[in-house]
Amino acid sequence: MIERVRVTFESRGVECAGCFYWPEKPRSSLPCVVLCNGFSGTMDWMLPQFAERFASVGIAAFTFDYRHFGESQGLPRQLISVRRQRQDIMAALRFVRAQANIDTGRIALWGTSLGGGHVIDIASRDPGVAAVIAQVPGLDFVRKEARATIAIPSSTVARLLAAAAWDGLRGLLGLSPCYVKVFGQPGELAIFTEPALQERFHALVQGSPTWRNEFTPRFYLAPPRYRDGTAERIKAPVLVAIAEEDVYANPAFQAWVGGRAPSGEVRRYHGGHFDVYHDLFEEVVRDQIAFLERYVAG
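The text that follows walks through the structure, step by step, so that each part is easy to find. The shown structure was predicted, so the numbers you read here are calculated from the model rather than taken from an experiment. (Residues numbered from 1 in each chain as written. Predicted model: local features only at pLDDT ≥ 70, side-chain atom pairs only at ≥ 80, totals over all residues. Heavy atoms only, no water.)

1. A word on the layout of surface pockets
One way to see where empty space is left: roll a probe the size of a water molecule over the atoms.
Then step 1. By volume, the largest pocket is sized at about 1,000 Å³.
Then step 2. Lining the largest pocket are 40 residues, with Ala148, Ile152, Leu160, Ile191 and Tyr220 sitting closest to its centre.
Then step 3. Counting residues per element, the ones that place at least two in the lining of the largest pocket are helix H4 (154–172) and strand S8 (190–192).
Then step 4. Counting residues per element, the lining of the largest pocket draws most heavily on H4, which supplies five residues. (1 Å grid on protein atoms, 1.4 Å probe; cavity = no way out; pocket = protein on both sides within 12 Å on 5 of 7 lines; lining within 4 Å. Points joined across faces, edges and corners; volume = space filled by probe spheres on them. Helix = DSSP H or I, 4+ residues; strand = E, 2+ residues; numbered from the N terminus.)

2. Considerations on the packing of aromatic side chains
Then step 1. What the rule picks out here adds up to 31 aromatic pairs.
Then step 2. Their ring planes at 70 degrees and their centres at 6.3 Å tell us that Phe215 and Tyr220 sit as a pair that is edge-to-face.
Then step 3. Overall, Phe215 belongs to the buried group, its relative accessible area being 0%.
Then step 4. Measuring from centroid to centroid gives 6.4 Å for Tyr226 and Trp256, while their planes differ by 85 degrees, and the two rings are edge-to-face. Taken together, the positions of Tyr226 in the loop between helix H5 (195–207) and strand S9 (238–243) and Trp256 in helix H6 (residues 251–260) put the pair 30 residues apart, joining distant regions of the chain.
Then step 5. Overall, Trp256 belongs to the partly exposed group, its relative accessible area being 35%.
Then step 6. Aromatic ring contacts, followed pair by pair, group Trp45, Phe183, Phe192, Phe201, Trp211, Tyr248, Phe274 and Tyr277 into a single cluster. (Phe/Tyr/Trp six-rings, centres within 6.5 Å; stacked < 30°, edge-to-face > 60°. Buried < 20%, exposed > 50% of the residue type's maximum accessible area, 1.4 Å probe, protein only.)

3. Observations concerning the nonpolar core
Then step 1. Among the nonpolar cores identified, the biggest contains 95 residues, and Val34, Phe50, Phe54, Phe62, Phe64, Leu109 and Phe201 are the most heavily contacted of them.
Then step 2. At seven residues, helix H2 (residues 82–97) tops the list of elements feeding residues into this core.
Then step 3. Contacts of Phe64, omitting those with residues within four sequence positions, involve Phe9, Ala17, Gly18, Val34, Leu35, Cys36, Met43, Asp88, Ile89 and Ala92. (Core = buried A, V, L, I, M, F, W, Y, C linked by side-chain atoms within 4.5 Å. Contact = heavy atoms within 4.5 Å.)

4. Quick look at the pairing of strand S2 (residues 14–22)
Then step 1. Counting buried positions along S2 gives eight out of nine residues, so the element sits mostly inside the fold.
Then step 2. With nine bridges joining them, strand S1 (residues 3–11) and S2 adopt antiparallel strand pairing. Each residue of the ladder has a partner; that of Glu10, found in S2, is Glu15.
Then step 3. Taking the residues between adjacent antiparallel strands as the criterion, S1 and S2 are bridged by two residues, where Arg12 takes a positive phi near 50 degrees.
Then step 4. Pairing of S2 with strand S4 (residues 60–64) involves four bridges; the strand directions are antiparallel. Within S4, the position partnered with Tyr21 by the bridge is Ala61. (Pairing = 2+ DSSP bridges.)

5. Looking at a nonpolar patch on the surface
Then step 1. Together, Trp166, Leu169, Leu172, Leu173 and Leu175 line one region of the surface with nonpolar side chains, adding up to about 550 Å² of accessible area.
Then step 2. With respect to the secondary-structure elements, Leu175 resides in the loop between H4 and strand S7 (181–183). (Patch = residues over 30% accessible without salt bridge, like charges linked within 9 Å, V, L, I, M, F, W, Y side chains within 5 Å. Areas by Shrake-Rupley, 256 points an atom, 1.4 Å probe, with all protein chains shown as cover. Salt bridge = Lys/Arg side-chain N within 4 Å of Asp/Glu carboxyl O.)

6. Concerning the pattern of salt bridges
Then step 1. Using the criterion set out here, one finds 20 salt bridges in the structure.
Then step 2. For Arg67, the salt bridge is made with Asp88, and the minimal N-O distance between the two is 2.6 Å. Of this pair, Arg67 sits in the loop between S4 and H2 while Asp88 sits in helix H2, and the two are 21 residues apart along the sequence. Here Arg67 and Asp88 have matching classes, each one buried.
Then step 3. Among the ionic pairs, Lys181 bridges to Glu188, the shortest N-O distance being 2.9 Å.
Then step 4. Each of Glu265, Arg267, Asp287 and Arg294 takes part in salt bridges that share partners, so that together they form one network.

Keep in mind that these numbers describe shape and distance, not what the molecule does.
Below is the structure:
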């Protein structure tokens, strides 16, 4: 009986699409969690299963598409920009805070993968955030101790950087992007090529109609960076959910950041980066609901 309500809001003059998940028995002064997706993610991919579970225990949930993705406007399409995505999250927060039936003192930020790094950064600058969940967060793509541990052939790295430089130049010239695949077959230029992931990505294509298997590689010219002291500035309780076999981000660095937050806690799960959406989902979402009930829904 959860009610979904589609809405739009503005971020830097661009219309973004969003969706509220309202609890079965709506009331005034609801707590709310704003869900922020990861690398190339759209709001019809992975977010609904979390939003529905949060709404089922009386916590409103809000999902949205970043500019350039899914149902949101913005050209060029599939542009991944750390700066713009963080601006979009702040715009989403302003929009949620303006809703008459939302308790502005009980709004949590939830982010996964690249979005997990976003919410850590934003919570350090927004004292109004009541709680933070950073799930398998992508915190820093440059710092040695934070980088992915998966072995990427040097030839692939060189091709990716060349594509990033060419795409960045085309962007400066106002030309159409030079796209790279998000996932592909071994040997293709793509971010994910592991055979074990192929079935999951094919299921993604079938179940998430707005998601597209491409992105602008200029992202790698300005990747996310974690600055020391960020977590220490977060006043809200922080839950960092770590997949101990994650090879796309370093679990040890994630745990270190979580431990730096004054009210931080770290939860570890036996699995890989994508398992939190599949095999580990029930365990992960139960812990997150308990965390939200403790800090925003009580």
